[in-house]
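Understanding the architecture of this molecule
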Amino acid sequence: MMNLNQKPQVNQDMKMIPVENYGVKCMSMGLLVEKDAPLVWRGPMVMSALAKMTRGVDWGHLDVLVVDMPPGTGDAQITISQNLKLSGAVIVSTPQDVALADANRGISMFDKVRVPILGLVENMSCFICPHCNEASFIFGKEGARRMAVKKGLKLIGEIPLEMKIREGSDEGVPVIVSSPGSVVSKAYEDLAHNVVNGLKELRDNPENEIQMKLNVPHSSLSSEKRP
């Protein structure tokens, strides 16, 4: 997705140097194993992988460190939540009920391990026809928004189902690089700003409740015309 395939180098302190592209430092278990090798996250292996990906990497100065957790609430998620001092969590879900059920379990897990939840992101919120600009809600409409209201959380982003995202992921070129002025790029930029603002709010107001409330105007993705 970031057009990175090389294995990381090791510095004199025996720490891995993260690979970098588009100004983003990256590290993944996929860079440390053979291309088709399976990854089984269980017990001690989770702890070992976590140590390698965090304290075993020379990250240098970072604005934000993003940990992309696998779906679910198993060993990997609980271990990461308990062993890293996470500043906040972002829950990502598609709008349909079956996905929101998993998101709900994720919210409960982060509550139990006392990790602040910055908000929900609705992925694949709608598909905008490239020919007529009409929006189709393939996976349902506003499911994440309703859950955010129910849980007293922020809805911090709505990302449409967009062919450019798939193409960019396959080619290793982020859509904000290939189409910086597009509707979907604006959606990602808004999401990033909301995450950073949430982290600043927690930093400046450490006594905030674990779940912060914010009303976000409905996304214009469904009505905005494509350029």
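Cut-offs used in this document
- Residues numbered from 1 in each chain as written.
- Predicted model: local features only at pLDDT ≥ 70, side-chain atom pairs only at ≥ 80, totals over all residues.
- Heavy atoms only, no water.
- Helix = DSSP H or I, 4+ residues; strand = E, 2+ residues; numbered from the N terminus.
- Buried < 20%, exposed > 50% of the residue type's maximum accessible area, 1.4 Å probe, protein only.
- Pairing = 2+ DSSP bridges.
- Expected span 1.5 Å × (residues − 1).
- Contact = heavy atoms within 4.5 Å.
- Core = buried A, V, L, I, M, F, W, Y, C linked by side-chain atoms within 4.5 Å.
- Salt bridge = Lys/Arg side-chain N within 4 Å of Asp/Glu carboxyl O.
- Disulfide = S-S within 2.5 Å.
- Lys, Arg positive; Asp, Glu negative; His and termini not counted.
- Polar contact = N/O pair within 3.5 Å; in protein donor to acceptor, adjacent residues only side chain to side chain.

Time to look at unusual backbone geometry. Despite not being glycine, Asn3 has its phi angle at roughly 60°, a positive value. In this fold, Asn3 is placed in the segment before β1 (9-10). The phi angle at Arg114 is positive, at roughly 60°, despite the residue not being glycine. Locating Arg114 in the fold gives a position in the loop between α3 (97-112) and β6 (117-128).

Bringing the pairing of β6 into the picture now. Judged by how many residues are buried, β6 sits mostly within the fold: 9 of 12 residues are covered. Two elements, strand β5 (residues 89-93) and β6, share 5 bridges in a ladder whose sense is parallel. Note that in β6 the partner of Val90 across the bridge is Gly119. The pairing of β6 with strand β8 (residues 155-161) spans 5 bridges and is parallel. Within β8, the residue paired with Asn123 across the bridge is Ile159. Bridge analysis of β6 against strand β7 (residues 135-136) gives 2 bridges, and the strand direction is antiparallel. Its bridge partner being in β7, Ile128 is matched across the sheet by Ala135. Connecting the antiparallel pair β6 and β7 is a turn made up of 6 residues, with Asn133 showing a positive phi of about 65°.

What follows covers α3. Between its first and last C-alpha atoms α3 spans 23 Å; for 16 residues at 1.5 Å apiece the expected length is 22 Å, and the two agree. Residues of α3 that are buried: Ala99, Leu100, Ala103, Gly106, Ile107, Met109 and Phe110. The inward-facing, buried residues of α3 abut α2 (75-83), β5, β6 and α4 (143-151). Once α3 ends, the next one or two residues include Arg114, with phi positive near 60°.

Within the largest apolar cluster, 15 residues are counted, with the highest numbers of intra-cluster contacts made by Ile91, Ile107, Phe110, Ile117, Leu120 and Met147. At the level of elements, β5, α3, β6 and α4 are the ones that each hand at least two residues to this core. For this core, the leading source of residues is α3, giving 5 residues. Once residues within four sequence positions are removed from consideration, Leu120 is found in contact with Ile91, Ile107, Ala144, Met147, Ala148, Leu153, Lys154, Leu155, Ile156 and Gly157. Formed by 11 residues, the second largest nonpolar core is a distinct cluster that contains Ile159, Ile165, Val175 and Ala187.

Quick look at the environment of Ala51 now. Mapped onto the elements, Ala51 comes out in helix α1 (residues 43-53). With relative accessibility at 38%, the residue Ala51 sits in the partly exposed group.

Here we take up the pattern of salt bridges. For the coordinates displayed, the defined rule picks out 6 salt bridges. Residue Lys154 is joined to Glu201 by a salt bridge in which the shortest nitrogen-to-oxygen separation is 3.7 Å. Of this pair, Lys154 sits in the loop between α4 and β8 while Glu201 is found in helix α7 (residues 183-204), placing the two residues 47 residues apart along the sequence. Its salt-bridge partner being Arg203, residue Asp204 comes within 3.0 Å of it at the nearest N-O pair.

Our next topic: the state of the cysteines. What the rule picks out here adds up to 0 disulfides. The thiol of Cys129 is not disulfide-bonded; the next cysteine sulfur, from Cys132, is found 3.6 Å away. Residue class for Cys129 comes out buried when judged on its relative accessible area of 17%.

Take Glu122: it is sitting in strand β6. In this structure Glu122 is buried but unpaired, with Arg145 as the nearest side chain of opposite charge at 7.0 Å. At 3.1 Å, the side chain of Glu122 forms a polar contact with the backbone nitrogen of Gly143. With residues near it in sequence (within four places) discarded, Glu122 still touches Ser93, Pro95, Glu142, Gly143, Ala144, Arg145, Leu155, Gly157, Glu158 and Ile159.

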